[in-house]
Amino acid sequence: MLSFTELLAASDSNLVKIFYKITVDENDDFIIKINKAAAQIGLNHTQLVCALGFNKHIRDLVDIYSTLGFRSYKLLSYRCNELFSTDTYNQLPIDNVLDIYSERLEDQQILDTIKELINPRLTNIEAYIDKNDDPTHVFSYRMEIHTIYSAEIVNTEFAEQRLKMKNGKFRILSDEVNAIVQAGFFPPSNLFFTNDIIPEEKKLLIESNQITSDMIKNRLQNKNISEDERDMLESYI
């Protein structure tokens, strides 16, 4: 049996050795072929496709991905991207996701692809969390958010976009504002004085000792802040 990480990081020669032992029925469609190959390795469908799709050595190994029913590397990539962007930790547990983010450091093409997939992936995860009260998914989501910032996968533009979205609930669940600050995209004072983040997020900044009492008093001078924010700020004076 093979771990997800081993397949994701396997060299071209190791990939050949792994798939030399795998047998599939040529008459099966590609879904069944992938399922059968994954079972022989000890992985699920999504893990196999993503481990191969994000492995930088697979591009020229036609015999391997054609064995799984893909006529080209591009078709493998399409399937990989689809599964990665729609999975909500059900087939790819968080440790697999973090391995993918770590592996991308060595390949610009993989990094560029992941950057394109992060927004739809997070949207799907947030929709799942919104419908399902699952602490395990919330914990994984928080880890993923902090990793994409700390590993420098995303940039300031991404952080700014996230701050302007009406998703304060999820930023609080993931402690995203502190992740943004720790990554050095914006100083805490800038976020504290903006109208983009909600009072609960500003409270987190205050309680993490990143906001001074003078900043709080200064913010209270703004007559346009909401009553909720004003009440929260006054509790710290």
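Details of the structure are given in the entry above.
So, here is what we can say about the structure in this document. (Residues numbered from 1 in each chain as written. Predicted model: local features only at pLDDT ≥ 70, side-chain atom pairs only at ≥ 80, totals over all residues. Heavy atoms only, no water.)

**Thoughts on the overall build of the chain**
Helix and strand content of the chain: 16 helices and zero strands. Radius of gyration (C-alpha) of the chain: 22 Å, far over the 18 Å computed for a compact globule of 237 residues. The principal-axis extent of the C-alpha atoms belonging to the chain is close to 70 × 35 × 25 Å. Excluding contacts between residues fewer than 6 apart, the proportion of contacts in the chain whose partners are at least 24 apart in sequence is 64%. Of the accessible surface of the chain, which amounts to about 12200 Å², a share of 48% is contributed by carbon and sulfur atoms. Here the chain contributes 25 positive and 37 negative side-chain charges, whose respective centroids are spaced 3 Å apart. (Helix = DSSP H or I, 4+ residues; strand = E, 2+ residues; numbered from the N terminus. Rg over C-alpha atoms; globule rule 2.2 N^0.38 Å. Contact = heavy atoms within 4.5 Å. Areas by Shrake-Rupley, 256 points an atom, 1.4 Å probe, with all protein chains shown as cover. Lys, Arg positive; Asp, Glu negative; His and termini not counted. Charge placed at Lys NZ, Arg CZ, Asp CG, Glu CD.)

**Notes on a negative patch on the surface**
Taken together, Glu-200, Glu-227, Asp-228, Asp-231 and Glu-234 make up a surface patch of like negative charges. Here the element with the most residues in the negative patch is helix 16 (residues 227-234); it accounts for four residues. As for its position among the elements, Asp-231 is in helix 16. You can call Asp-231 partly exposed: its relative accessible area is 48%. (Patch = residues over 30% accessible without salt bridge, like charges linked within 9 Å, V, L, I, M, F, W, Y side chains within 5 Å. Salt bridge = Lys/Arg side-chain N within 4 Å of Asp/Glu carboxyl O. Buried < 20%, exposed > 50% of the residue type's maximum accessible area, 1.4 Å probe, protein only.)

**Quick word on the packing of helix 6 (residues 73-86) against helix 8 (residues 108-131)**
Between helix 6 and helix 8, whose axes approach to 8 Å, the crossing angle comes to 35°. As helix 6 runs across helix 8, the sense of the crossing is right-handed. Contact residues: Tyr-73, Asn-81, Phe-84, Ser-85 and Thr-86 in helix 6; Gln-109, Thr-113, Leu-117, Pro-120, Arg-121 and Asn-124 in helix 8. In terms of residue class, the contact of helix 6 with helix 8 is made up of four nonpolar, six polar and one charged. (Axes fitted to C-alpha atoms, helices over the stretch in contact; angles between N-to-C directions. Left-handed = near helix turned anticlockwise from the far one by under 90°. Nonpolar A, V, L, I, M, F, W, Y, C, P; charged D, E, K, R; others polar.)

**Let's talk about helix 9 (residues 135-150)**
Taking 1.5 Å per residue as the helical rise, helix 9 with its 16 residues ought to reach 22 Å, and the 23 Å between its terminal C-alpha atoms agrees with that figure. Tucked into the core, helix 9 has its buried residues touching helix 7 (94-103), helix 8, helix 10 (156-164), helix 11 (168-174) and helix 12 (176-182). Sitting at the head of helix 9, Asp-134 places a side-chain oxygen 3.0 Å from the backbone nitrogen of Thr-136. (Expected span 1.5 Å × (residues − 1). Polar contact = N/O pair within 3.5 Å; in protein donor to acceptor, adjacent residues only side chain to side chain.)

**Digging into the nonpolar core**
In this structure, Leu-7, Phe-19, Leu-48, Leu-52, Phe-54, Ile-148 and Tyr-149 are the most contacted members of the largest nonpolar core, which totals 73 residues. Take this core: its biggest share by element is eight residues, from helix 8. Once you skip the residues sitting within four places of it in the chain, Phe-54 turns out to touch Leu-8, Cys-80, Asn-81, Phe-84, Ile-100, Glu-103, Ile-110, Thr-113, Ile-114 and Leu-117. (Core = buried A, V, L, I, M, F, W, Y, C linked by side-chain atoms within 4.5 Å.)

**A few points about the packing of helix 3 (residues 30-41) against helix 4 (residues 45-53)**
At their nearest, the axes of helix 3 and helix 4 sit 8 Å apart, and the two run at 90° to each other. As summarised for this structure, helix 3 and helix 4 are arranged roughly perpendicular, according to the angle between their axes. Residues Ile-31, Ile-34, Asn-35, Ala-37, Ala-38 and Ile-41 of helix 3 lie in contact with helix 4, whose contacting residues are His-45, Leu-48 and Val-49. Taken together, the residues of the contact of helix 3 with helix 4 break down into seven nonpolar, two polar and no charged. (Parallel < 35°, antiparallel > 145°, perpendicular 65-115°, else oblique.)

**Examining the environment of Tyr-128**
By the secondary structure assignment, Tyr-128 is in helix 8. What makes Tyr-128 partly exposed here is its relative accessible area of 23%. The residues contacting Tyr-128, other than those within four sequence positions of it, are Thr-88, Asn-90, Asp-134 and His-137.

**A word on the packing of aromatic side chains**
Considering all chains together, one arrives at seven aromatic pairs under this definition. With 5.6 Å between their ring centres and 65° between their planes, Phe-30 and Phe-70 make a pair best called edge-to-face. Of this pair, Phe-30 sits in helix 3 while Phe-70 sits in the loop between helix 5 (62-67) and helix 6, placing them 40 residues apart in sequence. Aromatic side chains Phe-84 and Tyr-101 sit 6.2 Å apart centroid to centroid with 85° between the ring planes, which places their arrangement in the edge-to-face category. (Phe/Tyr/Trp six-rings, centres within 6.5 Å; stacked < 30°, edge-to-face > 60°.)

**Some remarks on unusual backbone geometry**
At Glu-152, a residue that is not glycine, the phi angle is positive and equals roughly 60°. As for its position among the elements, Glu-152 is in the loop between helix 9 and helix 10. Positive phi, normally seen in glycine, also occurs at Asn-209, with a value near 60°. Structurally, Asn-209 can be placed in the loop between helix 14 (199-207) and helix 15 (213-220).

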